[in-house]
Every structure is written in C-alpha cells, then in structure tokens.
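# Breakdown of the fold
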Amino acid sequence: MRGGPFYFLPLLPISFKFDILFSMKDKRADLKIVVVDDSEFSRQLIRGMLEEEGFKVSAEADGAEAALAVIKDTVPQVVITDIVMPQISGIELTEKITQNFNDIAVIVISSLAQEHIVLEAIGAGARDFLAKPIQKQQLVDSLDKVIKDLN
Amino acid sequence: MEVLAPNLSLLKEVRILSDVRLITRHDLNHIESNDNLQVQFEVKGSWQGFVTTTLCLDGRELNDSDRKSLYPLFTEAMNILVGRQLSHSGGEVTLSPPKVRMIPRSVTTKGRSDIQTYELELATTSYTVITEYSLMAVS
C-alpha cells in the first residue's frame with residue numbers, strides 16, 4: 001500500500017490541468033470580442049487567429065467612432081484595438097471605453113511599441129499591449145487571462 | 001532643429017505572417033523601378049518627416065484578385081516594418097495612419113543613402129520594396 005500515493009498523486013494535477021484546459025476552450029466561444037482596426041486586412045488576420053483557437057468575433061469596427069456604437073450594441077467583454085487610426089486613436093478609444101464601460105477589457109495592439117506608447121495605453125486603462133506582428137499565442141494567452149478573471 | 005541623416009536600425013527580417021516575410025536586400029546594382037504602389041507615413045515627435053515605402057511592380061500584370069490581396073498586405077507589412085524600425089530608433093515618436101498613393105512614380109536607389117531595400121516574400125512570388133526616409137531629428 002506504500003506505493004498508492006506514489007501512483008495517484010502525480011495523476012491528480014494532470015487530470016486537473018486537463019479539466020482547466022477543456023473548460024477554458026469551452027468558454028472561449030462565449031467570450032464577446034470586438035476587433036477595431038482601420039485595416040480590413042488586420043481585422044481579418046485577427047479574426048482568423050481567434051477562430052482557429054475557438055474564439056468568436058462578435059463584431060468589427062474600422063474606427064473608434066464606429067467601435068463605440070458597436071460596443072453599445074453588443075456590450076462585449078473584450079475590445080482588441082489598434083492604436084494608429086484616423087481621427088480618434090486607439091489610446092483615446094481605450095480611455096472612452098474604460099470611462100464608460102467599466103467591465104470591458106481592452107487589449108491594445110500597435111506596430112509602434114515604444115515605452116511611452118505602452119505606458120500611455122496602460123495609463124488609458126488597457127489591460128494588455130501586444131506588438132505587431134501579433135503572435136497568435138500571445139493573443140490567446142491574453143484572452144484566456146480575461147476568461148479566468150471573469151470566472 | 002538639427003538635421004540628421006536617418007539612422008534607423010535596419011531590420012534583417014520581419015515575418016508578417018507565417019508565409020510572408022520581409023528580408024533585407026544587398027544589391028550591388030542600383031534599382032530603377034516604375035509603375036509602383038506607394039504607402040507613406042508621417043512621423044512626429046523626436047523624429048519628424050516622412051517614410052515613403054514603394055512596392056516595385058515594374059509592369060507586372062495584377063488582376064483584381066491579386067490587387068485585393070496584395071495591396072492591403074503590403075500596407076500592413078509597411079506599417080509593421082516602419083513601426084518596428086521607429087520603435088528601435090530611440091526617442092519618442094508617433095506614426096500617422098498609412099496614406100496609399102496609387103499614382104505611379106519611378107524610383108531609383110542610385111547614390112541614395114536615405115534608402116533601404118527589402119524583398120517581400122509571398123508564398124509563390126516576391127516583390128522588391130524600397131523605403132525612403134525623409135526624417136529630421138528634433139533636438
């Protein structure tokens with residue numbers, strides 16, 4: 001009987017991890033995500049990455065003003081926004097979202113990843129900052145963290 | 001205002017997608033290119049001016065489907081390239097949204113020190129890309 005714990009104890013964390021993994025993947029499809037980028041190519045790229053991993057994009061917007069209207073309609077849990085956009089930047093959009101919609105997590109993406117921009121984004125209320133080109137795993141990890149916090 | 005030659009770090013390779021990458025070219029012969037697509041970015045902050053990027057088409061026949069896939073890809077690739085270069089340049093800058101110019105313009109790299117050349121590698125073909133830097137360092 002001394003061998004019992006030796007065989008069973010290592011198995012417990014593994015099965016526990018599988019449970020977390022499966023429940024996480026189940027929950028991905030329920031997450032309401034809005035993607036904001038003036039580049040249709042970029043929006044399609046993000047949508048493709050997310051759908052490959054079991055997420056669904058609820059809506060897209062090609063600018064900040066359109067995004068605010070879409071957010072009011074869909075009430076998402078996550079907004080993924082580019083910074084460099086005409087008229088209203090992604091930083092200003094982030095500020096407006098965090099001021100008006102307390103429960104929405106904003107993930108900011110940008111090709112320009114200087115420290116002052118990252119700090120501006122975080123200061124505006126962004127939850128995460130991802131540099132372009134976006135690495136799929138980074139995006140997935142960021143969204144999985146949102147799911148964990150929601151639960 | 002102090003005028004300096006741009007000294008942006010030259011990126012050896014940028015992978016835009018798994019099957020699309022930009023790699024530096026080191027041609028001994030200069031490039032003269034016509035019938036191009038241009039995308040320009042305005043830079044403000046510690047550096048001020050413009051970065052103009054050129055997709056060298058040189059009379060290549062593109063159908064509507066090619067254009068619809070290539071032009072947005074090129075624009076986003078340049079956004080990533082210029083953004084990453086400026087991110088490594090030091091100082092604080094902001095970048096404007098890309099302005100696409102469909103007007104054909106010829107470009108030569110002969111005797112130009114303000115130019116870097118890249119190859120945009122797609123799954124089946126590749127295009128030469130010329131980047132021109134008209135930037136001043138603001139002291």
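Look up: the structure comes first, before these words.
Residues numbered from 1 in each chain as written. Chains lettered and ligands numbered in written order. Predicted model: local features only at pLDDT ≥ 70, side-chain atom pairs only at ≥ 80, totals over all residues. Heavy atoms only, no water.

Turning next to helix 5 (residues 115–123) of chain A. Within the span of helix 5 of chain A, buried status applies to H116(A), I117(A) and A121(A). Along the axis of helix 5 of chain A, the buried positions cluster into a sector of 135 degrees, meaning they face one direction only. Projecting away from the buried face of helix 5 of chain A at angles above 90 degrees are the exposed residues E115(A), L119(A) and G123(A). Among the structural elements, helix 4 (90–100), strand 4 (105–110) and strand 5 (128–131) of chain A together with strand 6 (93–95) of chain B are those in contact with the buried residues of helix 5 of chain A. Among the residues trailing helix 5 of chain A, G125(A) stands out with phi positive, at a value near 115 degrees. (Buried < 20%, exposed > 50% of the residue type's maximum accessible area, 1.4 Å probe, protein only. Helix = DSSP H or I, 4+ residues; strand = E, 2+ residues; numbered from the N terminus. Arc of directions from axis to C-beta. Contact = heavy atoms within 4.5 Å.)

Another aspect to go through is unusual backbone geometry. Residue and element names in this part refer to chain A. Cis peptide bonds are those with omega within 30 degrees of zero, and the linkage from K132 to P133 qualifies with -5 degrees. For P133, the location among the structural elements is in the loop between strand 5 and helix 6 (136–150). Backbone geometry at Q87 places phi at a positive 70 degrees, although glycine is not the residue there. Within the element layout of this structure, Q87 appears in the loop between strand 3 (78–82) and helix 4. Q87 sits in the exposed class, given a relative accessible area of 78%.

Okay, helix 4 of chain A next. Residues and elements named next belong to chain A. Regarding helix 4, the residues found buried are G90, I91, L93, T94 and I97. The arc that holds every buried residue of helix 4, seen down its axis, measures 155 degrees, which confines them to one face. Turned more than 90 degrees away from the buried face of helix 4 sit Q99 and N100, all of them exposed. Here the buried face of helix 4 lies against strand 1 (33–36), helix 3 (64–74), strand 3, strand 4 and helix 5.

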